[in-house]
Amino acid sequence: MATQRILDFLATRRPDGPCLVVDLDIVEDNFNAFRKALPDSAIFYAVKANPAPEVLRLLASLGSNFDCASVAEIEMALEAGATAKRISYGNTIKKERDIARAHALGVSLFAVDCVEEVEKVARAAPGARVFCRVLTDGEGAEWPLSRKFGCVPTMAIDVLMQANALGLTATGVSFHVGSQQTDTEAWDAAIADAKYVFEALADKGIVLTLVNMGGGFPTRYLKDVPAASAYGQAIFASLSKHFGNRLPETIIEPGRGMVGDAGVIKAEVVLVSKKSDEDANRWVYLDIGKFGGLAETMDEAIRYPIVTQHDGERTEPCVIAGPTCDSADVLYERTPYPLPISLTVGDEVLIEGTGAYTTTYASVAFNGIEPLRAYVI
Ligand SMILES: *Cc1c(COP(=O)(O)O)cnc(C)c1O
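Note that the coordinates shown come from a computational prediction; the quantities given were computed from them, not determined experimentally.

**Regarding the overall build of the chain**
Helices and strands together make up the secondary structure of the chain, namely 10 helices and 18 strands. A compact globule built from 377 residues would reach a C-alpha radius of gyration of about 21 Å, and the chain, at 22 Å, matches this within 12%. C-alpha extents for the chain along the principal axes are approximately 75 × 40 × 35 Å. In the chain, buried positions account for 55% of the 377 residues. Partitioning the contacts of the chain with sequence separation of at least 6, the portion at a separation of at least 24 is 70%. Of the roughly 16,100 Å² of accessible surface on the chain, 53% is carried by carbon and sulfur atoms. Taking the average place of the 35 positive charges on the side chains of the chain and the average place of its 50 negative ones, the gap between the two points comes to 4 Å.

**Details of the packing of aromatic side chains**
Within this structure, the stated rule accounts for 12 aromatic pairs. Measuring from centroid to centroid gives 5.5 Å for Trp 187 and Tyr 231, while their planes differ by 80 degrees, and the two rings are edge-to-face. With Trp 187 in helix α8 (residues 187–203) and Tyr 231 in helix α9 (residues 228–243), this pair connects stretches of sequence that are 44 residues apart. In this pair, the class of Trp 187 matches that of Tyr 231, namely buried.

**Some remarks on the domain arrangement of the chain**
Partitioning the chain into domains gives domain 1 (90–254) and domain 2 (261–376). For domain 1 versus domain 2, the distance between C-alpha centres works out to 35 Å. Taken together, the contacts link 7 residues of domain 1 with 12 residues of domain 2. Taken over both partners, the interface formed by domain 1 and domain 2 buries close to 860 Å², and the fraction arising from carbon and sulfur atoms is 65%. A per-residue breakdown of the area domain 1 buries against domain 2 is headed by Trp 143, Tyr 221 and Leu 222, which together make up 73% of the total.

**Considering α9**
Counted at 1.5 Å a residue, the expected span for α9 with its 16 residues is 22 Å, and the 22 Å between its end C-alpha atoms agrees. Among all positions of α9, only Tyr 231, Gly 232, Ala 234, Ile 235, Ser 238, Leu 239, His 242 and Phe 243 are buried. Close packing links the buried residues of α9 with α2 (24–37), β9 (179–181), α8, β10 (210–212) and β11 (249–252). At the C-terminal side of α9, Gly 244 shows a positive phi close to 60 degrees.

**Things to note about unusual backbone geometry**
The backbone of Asp 299 sits at a positive phi, close to 55 degrees, despite the residue not being glycine. On the secondary structure map, Asp 299 appears in the loop between β13 (282–286) and β14 (306–308). A positive phi angle, near 55 degrees, is found at Tyr 357, a position not held by glycine. Assignment of secondary structure puts Tyr 357 in the loop between β17 (348–352) and β18 (373–376). Looking at Tyr 357, the relative accessible area reads 8%, which means it is buried.

**Topic: the environment of Arg 97**
Residue position: Arg 97 is located in helix α5 (residues 96–104). For Arg 97, a relative accessible area of 57% translates into the label exposed.

What counts and what doesn't
Residues numbered from 1 in each chain as written. Predicted model: local features only at pLDDT ≥ 70, side-chain atom pairs only at ≥ 80, totals over all residues. Heavy atoms only, no water. Helix = DSSP H or I, 4+ residues; strand = E, 2+ residues; numbered from the N terminus. Rg over C-alpha atoms; globule rule 2.2 N^0.38 Å. Buried < 20%, exposed > 50% of the residue type's maximum accessible area, 1.4 Å probe, protein only. Contact = heavy atoms within 4.5 Å. Areas by Shrake-Rupley, 256 points an atom, 1.4 Å probe, with all protein chains shown as cover. Lys, Arg positive; Asp, Glu negative; His and termini not counted. Charge placed at Lys NZ, Arg CZ, Asp CG, Glu CD. Phe/Tyr/Trp six-rings, centres within 6.5 Å; stacked < 30°, edge-to-face > 60°. Domains from an automatic or database assignment. Buried area = accessible area lost by both parts, 1.4 Å probe. Expected span 1.5 Å × (residues − 1).

Below, the structure written as structure tokens:
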């Protein structure tokens, strides 16, 4: 949602070009909502969702920990005031020299999903704690993250045993139920898998302590989504169901749910046209598209709310496209998007729910268009 602070900023500063405006008050509200929803879980903000220094500094000051995907992200979290103890290197695909650099910076918690990665961590970060990511089916998620990361639970047993054998501390199990997960029950099967791995390792004399329950918490786009508290209740119920009264330490890694609704992109209509006199749909071209930061419109997966000055007037289904000379730069075509007929060249539109996964997805200079500018207020 465009907050009054964002609207005031746009009205007074009138920044040119497409730009993202992020309201830190919303980020703070989201952080507090997660803390309240799962008071016993440590929050590791997924830096990749929006690594703006102001966002990281705010979250560091609120006591957040950080899930980082690279050495550069680790450095950003440190720069923002986090200590290395509050950082995990959560990418399962790491160069050995990057593991060594993270280790040198003091990071001691690493994600793995295969024996080959365990071997790298054992060589480059001796003594570190590792958790093994297990696969999930990603069912119920609008942006699945499943197939590429994780291994089956039976393999996780071998991975963690090998970690222990190589002098690492086998700490626990992680998973990610898929991003923009609208089913509050989606965590249950993965928590059951974690319990299975915990028991198998206990049988071998290895005590796991940590379940990293990943991200997936949704932000509101066109449809309402359950509140953080509903996820908290469902997750706590699953933890109790599978672990009884011996609850493990837990981590959550919200990215989208922490910053998505804190950001709004201001964009401009560059052209409105039809392809033939009989064309059922108008084509509305904006000054931002897939290469300017809206990459999550890929396969029309994420459908952003678009606010215009003509809302309430009669609408017509439109194809919405970006400004670049690439025909892949179409946002919504398979499911055309209703926009007011009076929408015209030069009109400003607000694209809501764009605080996550936008600025860093913008190309460097495709067609000479500068990367998406961001104002954090
Ligand atoms: C991307 C990512 C997250 C954040 O996911 P959201 O769906 O944005 O909350 C959390 N953990 C890991 C390991 C990730 O890769």
